[in-house]
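Chain and residue survey
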Protein chains: 4
Amino acid sequence: MTKTDMKVFEELESEVRSYCRSFPTVFTKAKGYKMWDEAGKEYIDFFSGAGALNYGHNDPYMKEKLVEYILSDGVTHSLDMATAPKAEFLETFNNVILKPRNMEYKIMFPGPTGTNTVESALKLARKATGRTDIISFTNGFHGMTIGSLSVTGNSFKRKGAGVPLQHVVTMPYDNFVSDSLDDLEYLERFLEDRGSGVAIPAAMILETVQGEGGINAARFEWLQRIEAICKRWDILLIVDDVQAGVGRTGTFFSFEQAGIKPDIICLSKSIGGYGTPLAITLIRPDLDIWDPGEHNGTFRGNNHAFVTATAALSYWKDDTLERNVQEKAKVIKATLQKLVDMYPEMKGEVRGRGFMAGVASEIEGFASKVTAEAFQRGLIMETSGPEDEVFKLFPPINIDDEGLEKGLHILEESVKSVVGAKELVGS
Amino acid sequence: MTKTDMKVFEELESEVRSYCRSFPTVFTKAKGYKMWDEAGKEYIDFFSGAGALNYGHNDPYMKEKLVEYILSDGVTHSLDMATAPKAEFLETFNNVILKPRNMEYKIMFPGPTGTNTVESALKLARKATGRTDIISFTNGFHGMTIGSLSVTGNSFKRKGAGVPLQHVVTMPYDNFVSDSLDDLEYLERFLEDRGSGVAIPAAMILETVQGEGGINAARFEWLQRIEAICKRWDILLIVDDVQAGVGRTGTFFSFEQAGIKPDIICLSKSIGGYGTPLAITLIRPDLDIWDPGEHNGTFRGNNHAFVTATAALSYWKDDTLERNVQEKAKVIKATLQKLVDMYPEMKGEVRGRGFMAGVASEIEGFASKVTAEAFQRGLIMETSGPEDEVFKLFPPINIDDEGLEKGLHILEESVKSVVGAKELVGS
Amino acid sequence: MTKTDMKVFEELESEVRSYCRSFPTVFTKAKGYKMWDEAGKEYIDFFSGAGALNYGHNDPYMKEKLVEYILSDGVTHSLDMATAPKAEFLETFNNVILKPRNMEYKIMFPGPTGTNTVESALKLARKATGRTDIISFTNGFHGMTIGSLSVTGNSFKRKGAGVPLQHVVTMPYDNFVSDSLDDLEYLERFLEDRGSGVAIPAAMILETVQGEGGINAARFEWLQRIEAICKRWDILLIVDDVQAGVGRTGTFFSFEQAGIKPDIICLSKSIGGYGTPLAITLIRPDLDIWDPGEHNGTFRGNNHAFVTATAALSYWKDDTLERNVQEKAKVIKATLQKLVDMYPEMKGEVRGRGFMAGVASEIEGFASKVTAEAFQRGLIMETSGPEDEVFKLFPPINIDDEGLEKGLHILEESVKSVVGAKELVGS
Amino acid sequence: MTKTDMKVFEELESEVRSYCRSFPTVFTKAKGYKMWDEAGKEYIDFFSGAGALNYGHNDPYMKEKLVEYILSDGVTHSLDMATAPKAEFLETFNNVILKPRNMEYKIMFPGPTGTNTVESALKLARKATGRTDIISFTNGFHGMTIGSLSVTGNSFKRKGAGVPLQHVVTMPYDNFVSDSLDDLEYLERFLEDRGSGVAIPAAMILETVQGEGGINAARFEWLQRIEAICKRWDILLIVDDVQAGVGRTGTFFSFEQAGIKPDIICLSKSIGGYGTPLAITLIRPDLDIWDPGEHNGTFRGNNHAFVTATAALSYWKDDTLERNVQEKAKVIKATLQKLVDMYPEMKGEVRGRGFMAGVASEIEGFASKVTAEAFQRGLIMETSGPEDEVFKLFPPINIDDEGLEKGLHILEESVKSVVGAKELVGS
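Residues numbered from 1 in each chain as written. Chains lettered and ligands numbered in written order. Predicted model: local features only at pLDDT ≥ 70, side-chain atom pairs only at ≥ 80, totals over all residues. Heavy atoms only, no water.

As recorded in an unreviewed UniProt entry, chain A goes by Diaminobutyrate--2-oxoglutarate transaminase and comes from Halalkalibacter oceani. Recorded in UniProt for chain A, the comment headed Pathway (unreviewed entry) runs: "Amine and polyamine biosynthesis; ectoine biosynthesis; L-ectoine from L-aspartate 4-semialdehyde: step 1/3." According to the UniProt record, the Sequence similarities (unreviewed entry) comment for chain A reads "Belongs to the class-III pyridoxal-phosphate-dependent aminotransferase family." (UniProt positions renumbered as here; feature names shortened; annotations may be inferred.)

Spelled out as structure tokens, the structure:
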């Protein structure tokens, strides 16, 4: 392959493509937290496939298991027929993840994407309650198909629907209006007043840390009060843990530390472990009132992903990984705070939880300049937030000290460079 | 694994599971048109992953390419960053499929499922035309997320939405009402009369052969008239070739013989070749007015699928495969017609095109009994149609004579057995 | 008042005004079938307030009763409090109209406009069945508020909504597609096929003769089959008799001759008798499951209208009026047919039933020219149909021979004049 | 008439009837602030037809004009043809109301009910802006047809729709959540954040004092900030002055004292003056972009109402009436405050503005008991609020001292009686 390769994408791929515009090079190889392009240039990956590669690229153990399975002519694609790897995944997930956390859920396999698990959750919540509306939260992101897009806050993405998005009421996420305003008092007033125009919804859907919406981390107390409100009004609580789950915030599920028990949990992205497409919907057993086939999808039986997902769960047999995230998260936070303090010109604010961290800058375009600069210096990062106002760090959760330090160092240099450039003054 | 394995699914998997109920055994291995369960029993697969395994299971060439790629630590997951396998797929698809057919389309990668490509097509049609409504057709099936479900006809599946499905007008598919009724005269009247209550839609979406809806094959003349109507009214024509495409009906695209040129084409299922999740949306270049990222999905960069999809395209460098399907399709059709003639008790009608064939029986429950009997005898088949009134044959399109004969023989024995059983009388 | 008066409307009234553009003069007085403008010019009224003045203008008996009531300080406005005139109307309507026809219905008073009774009917049908969709028919017109507009066919009026109109499926009205096509076979197929995309609706709503939609009269057999289909599927049948009811087609209710029994009947326009605003919704007693106040409207207790409505019912104590309409309708029809035969250039077709008659012309703009010409000659008539292709005769149903003859004569002269004009050739 | 009369309603009228249940007697005569039933019992009317009888019953001057018009055979019903009384109304309204207030608006006549003017306003706002959503406010009431019901807050009424109500976002009305919460900060955050899930709407619609929603009076500063927000975001401001307008709050339009200029104003109820059905929509001239007939209604040309409406405007030629309301309003307020202070048991709060006043009680059922007691004692009043928690005073705005005192006295006695009853303790 040669430099002309980017032309292939310009000529043949739809204008909808986006990341290849921010990272304009052709990638050929990846390992752990590193990627290489066709020219052999090495990159540190603080993007992690937008949360789909929490274990880094091409983890050796998963890779071994996957190749072994393929070579043995194991069933690749099976819809929802019973296969050995699916049985193994079900049992392992139950034994390693659910049981130790004292959680009891039925496991559903929708089509293998985040938006498909969200669509399945919304359908089931409506079926189980007989109600139609869903409460979602400002700056929530739940996917791009019409059902999920309805509960997504971003106006650019909503407008893309081409039709009005219905059956949803958006309420303020924690700290949306201001620090002093009690958003949940507002929400409760709407529910309790029969003249509020807001009907009791089937469910509330939320992320505990909003990944696309600006790395906003809800306080645990807020999550607990949300759970209490749901209980009081008999509303189902759906936690969309597609991006914040699978260890990203320091525990397997992002809500563990808050001590809440969602009725339905959406997982995708890193649940497959290896970047292999998979999604699961966890359902409180008494809510599992689906008729057979009432929701489905052709690739819901992606056995390659079952194999890698099962292998990935070996990371969770003890707390080594969790401790890694929790400890290194302090380093990340300290580094970001240091940057914010050091460069008041960027009017920055540190955001996030665990390995889902970032800095919001009030300077228009600042975050994009930082990620562009970082890419030049060999660090892959993306922006987040309704105005792309946040630069976002998503390192693999199993990254080692060296990788983290190198990445953070490039980030520091990039911020310094952008702050130093003349253009910032004019922004 | 032992017989207790099915219990795993009953205990841990959601009630939504369905095929594991029709085919109650744990599959472990597969090769070409054969599958084996944990007990070592061999099955002939006339199901082909509901059209996702047109090349059979674990094709050796694709497998070799895939394992080679994995072992080389090629990038597995890349969102829509540029990677070498994606470039190769784009070029190969353009050179092997599009150019020789004199087709020019931009290629979009939505999330890797059929419903996601349909959602992207509907969004784009609405954006490009500024209109909201879509005309779909009776018994069409396009997916289970809210956008796709809106254009799906099946009432059980629609009801699952839990919300009213909007912005769609359903028109009669070819021969829906009766042979004598000209359904398109009806459709045109609705479009031309300003008092019809039906606004000019953004698009029409259809399958040329309806897979889930009862193996209904639209006549080529009907498809040509649909195209002419779309042109007359400046309506976009979307062909959902997720199930009927990739060779299933005898040509790569199902609409080639009809000589029509859709504005947007949806592909998924077998486009990945190996059962690996992939979906693409082909867009008439001047309609490719997406803003970057206006539609997206985490697993739209599934490089394993790019590798196998590219390998699969080697089947299309000459017409061997097409001829195989077209010739063997005659054998299938003749066999089915023979069965219908031999057993008038089943009140059967042969349906379909190419390797997308079936028999509709007016006897309630007949088709399900045939597929159950076939499974006992080692043949995997499913039913189709709003009342499961069709037993459906979906052999791999590269099946050899021996496989086809063996499968058809089991089918014949199964039909004979069901017809002979006393219960039929009582139906 | 002087000629400057029309300026008042141009300067102060909204652009939405329409009839004052077709009939550009200021009316001051009216009696029976006659109107006079400020210049003293006399007009024959074949418009009858679009069906709200079936008894002509200012009927002496109703006038006497109304003035008497006003002078006695009878309650004018009472919401739905009990008043003497309301009691009298209820009893009289029951005794004079319902009982003799062997009809049993509860009487509801929505806001005093046609669209309000339709809105109440749709709400109740949805409540009683628990379903959301309504089947309406091509070229149906039911009103301009969002609920009624949803079941209205006209695209110009629908577009005015500014939002997508939902929860409705439009089916072909009798003879919509062509004479040879059996539209109801089509409708039934949609209902019986579980894959048709059309759910069993709460109700069907229709006019037996479409007033705004082009003076289309459904055949009695068609209405009877509609009733049978509704019964078969447990769908409520709503007859919107706002325009065709109260004697317009030759019987009090327009559907009497068809022998059908609607579940809900909408009446307005001429039910008040004197042009006084009133609307009623007749409800099959077991469907009267409203909660108190679940639908309401400030002017639902318009006692002036109760007084005139009761007085108007004296017309129905014997069959004199009905015979008048039925006999004179033959004269109207014969005259129209004569015109169509005499002037083949206008490519005309006679339409309608009773005193709801018209001629559809295939020549673009012809009908509008005829009504404009007629106005010049002292006859007030309007056009109808999605393209204004029909000139429409709506004489008062109690018109005498002289009035009818004079009006028809002017019409004949007007048609002759338009046909003779050179412009027609070029149309 | 005899006592059996109420049976007529029970037997023949729909279950939807409501006020005849609260006021179970048959009314026969009315004059000014007094009503009489068939037994000759006299009542003081503090209900005023829910705001449709601001000038009391059967005002002598309007009555004279109306009878004169009827006797002269003036046109009664004219759709939107030009008539002399309509011209006179247009000119008088412009000269007496609009010009002196320096207001320039085009006048539209929708169907003659409050809900019809609201529907027309929403349509026009959507057409003028090309947007679909409307922001309405908690406990707003705008009507019972689907468009108006969509922007109404009450859950009982919304549920009656039988379909989901769309294209609306409900925001908190002034003081909805609590005194300390700044609701408009909240609203603005939603508008300015591109991730809030709330699109810039076509319009906001509000009442300055909520009549049905609990006699909530928005502060003038709040209304001014709403206007500023609308201007900032180019959102149309619709004031629904159907209930609060025509002098009810002390000025002709309820918003005059706040100094705001709505883009569209909805009037009905007392605009006809005599209880005669009429509604008008006032439109900022540059927004008057209707096509002719794009919205209409059969009874939009109710000339009896034009006659009485014009006569009623004679009340507004000087400020006598306004001063009467403003002065007597102080008496009402003082009386209510006295009651609240005297009977802390009722946990009351005085609400409202001008002659739109009431007391909200935290004691469940208290307000209903008061109105029932008052009725027994000859005073007609209704309740308001989502839980009927407010007893509401709506005296005619031209009431004299004697009438007001008598009514207030009965109210005081009624409250005293209810407070004294033992049941209250148990509530």
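1. Here we look at a negative patch on the surface
Taken together, the side chains of Glu10(A), Glu11(A), Glu88(B) and Glu91(B) present a region of like negative charge at the surface. Of all elements in the fold, only α1 (5-12) of chain A together with α5 (84-98) of chain B reach the threshold of two or more residues within the negative patch. Here Glu10(A) is to be found in helix α1. (Patch = residues over 30% accessible without salt bridge, like charges linked within 9 Å, V, L, I, M, F, W, Y side chains within 5 Å. Areas by Shrake-Rupley, 256 points an atom, 1.4 Å probe, with all protein chains shown as cover. Salt bridge = Lys/Arg side-chain N within 4 Å of Asp/Glu carboxyl O. Lys, Arg positive; Asp, Glu negative; His and termini not counted. Charge placed at Lys NZ, Arg CZ, Asp CG, Glu CD. Helix = DSSP H or I, 4+ residues; strand = E, 2+ residues; numbered from the N terminus.)

2. Some points on the relation of the copies chain D and chain C
With an RMSD of 0.0 Å, the fit of chain D onto chain C corresponds to turning through 180° and sliding 0.0 Å along the axis. Between the two chains, the operation in question is that of a two-fold axis. Relative to the rotation axis, the C-alpha of Ile146(D) is the closest in chain D, positioned 2.7 Å from it. Of all interface residues in chain D, 100% are interface residues in chain C too; the two copies therefore contact each other through one and the same surface. (Least-squares fit on C-alpha atoms with pLDDT ≥ 70 in both. Contact = heavy atoms within 4.5 Å.)

3. So, the interface of chain D and chain C
With 103 residues of chain D in contact, the opposing surface of chain C contributes 104 residues. Taken together, the two surfaces of chain D and chain C that pack against each other cover about 9000 Å², and 66% of this comes from carbon and sulfur. At the junction of chain D with chain C, the criterion picks out eight salt bridges. The partner of Asp73(C) in a salt bridge is Lys63(D), and the shortest N-O contact between them spans 2.9 Å. Taken together, chain D and chain C are joined by 44 residue pairs in polar contact (both at pLDDT 80 or more). Considered class by class, the residues forming the side of chain D that touches chain C number 48 nonpolar, 32 polar and 23 charged. (Buried area = accessible area lost by both parts, 1.4 Å probe. Polar contact = N/O pair within 3.5 Å; in protein donor to acceptor, adjacent residues only side chain to side chain. Nonpolar A, V, L, I, M, F, W, Y, C, P; charged D, E, K, R; others polar.)

4. So, helix α14 (residues 401-420) of chain B
With 20 residues, α14(B) should reach 28 Å at 1.5 Å per residue; the first-to-last C-alpha distance of 28 Å fits that figure. Gly403(B), Leu404(B), Gly407(B), Leu408(B), Ile410(B), Leu411(B), Glu412(B), Ser414(B), Val415(B), Val418(B) and Val419(B) are the residues of α14(B) that are buried. (Expected span 1.5 Å × (residues − 1). Buried < 20%, exposed > 50% of the residue type's maximum accessible area, 1.4 Å probe, protein only.)

5. With respect to the interface of chain A and chain B
On the side of chain B, 106 residues touch chain A, which itself brings 105 residues to the contact. Interface area, chain A with chain B, both sides summed: about 9000 Å², of which 66% is carbon and sulfur. Linking chain A with chain B are eight salt bridges, by the criterion used here. The partner of Glu13(A) in a salt bridge is Lys86(B), with the nearest N and O atoms 2.9 Å apart. The interface formed by chain A and chain B includes 44 residue pairs in polar contact (both at pLDDT 80 or more). Considered class by class, the residues forming the side of chain A that touches chain B number 49 nonpolar, 32 polar and 24 charged. Strand direction decides the pairing type here: strand β4 (residues 82-83) of chain A and strand β1 (residues 26-31) of chain B, joined by two bridges, are parallel. Along β1(B), the bridge assignment pairs Thr83(A) with Phe27(B). (Pairing = 2+ DSSP bridges.)

6. Notes on the packing of aromatic side chains
In this structure the tally under the stated criterion is 82 aromatic pairs over all chains. Across the ring face of Phe375(A), the terminal group of Lys41(A) is positioned such that the distance to the ring centre comes to 5.9 Å. Over the aromatic face of Phe176(D) sits the side chain of Arg189(A), whose NZ or CZ is 4.2 Å from the ring centroid. (Phe/Tyr/Trp six-rings, centres within 6.5 Å; stacked < 30°, edge-to-face > 60°. Lys NZ or Arg CZ within 6 Å of the ring centre and 35° of its normal.)

7. Digging into the pattern of salt bridges
Within the structure shown, the criterion is met by 119 salt bridges over all chains. The closest approach of N and O atoms between Asp234(A) and Arg131(A), which form a salt bridge, is 3.8 Å. Of this pair, Asp234(A) sits in the loop between α10 (220-233) and β11 (236-240) while Arg131(A) sits in the loop between α6 (114-129) and β6 (134-137), placing them 103 residues apart in sequence. The salt bridge partner of Arg219(A) is Asp174(A), with a shortest N-O separation of 2.5 Å. Here Arg219(A) is found in the loop between β10 (216-217) and α10, whereas its partner Asp174(A) is found in the loop between β7 (168-171) and α9 (183-192), with 45 residues between them in sequence. Classification of Arg219(A) as partly exposed rests on a relative accessible area of 38%. Taken together, the salt bridges that share partners define one network made up of Glu15(A), Arg17(A), Arg21(A), Lys106(B) and Asp288(B).

8. Some words on the relation of the copies chain A and chain B
Both copies of the chain are tied together by a single rotation about an axis and a shift running along it. For the pair chain A and chain B, the superposition axis carries a translation of 0.0 Å, the fit reaches an RMSD of 0.0 Å, and the rotation angle comes to 180°. Of all interface residues in chain A, 100% are interface residues in chain B too; the two copies therefore contact each other through one and the same surface.

9. Things to note about helix α13 (residues 366-376) of chain B
Residues of α13(B) that are buried include every one of Phe366(B), Ala367(B), Val370(B), Thr371(B), Ala374(B) and Phe375(B), and no others. Positive phi appears at Gly378(B), one or two residues downstream of α13(B), with a value of about 95°.

10. Remarks on the sheet that holds strand β15 (residues 356-361) of chain C
Residue and element names in this part refer to chain C. Pairing in this open sheet of four strands is antiparallel, and the strands run β14-β15-β18-β17 from one edge to the other. The open sheet terminates on both sides in strands that have one partner only, identified here as β14 (348-353) and β17 (382-384). Shown here is a sheet whose adjacent strand axes are inclined to one another by a mean of 30°, direction ignored. Together, β14, β15 and β18 (390-393) form the strand contacts of helix α12 (residues 320-342), whose direction differs from that of β14 by roughly 170°. (Axes fitted to C-alpha atoms, helices over the stretch in contact; angles between N-to-C directions.)

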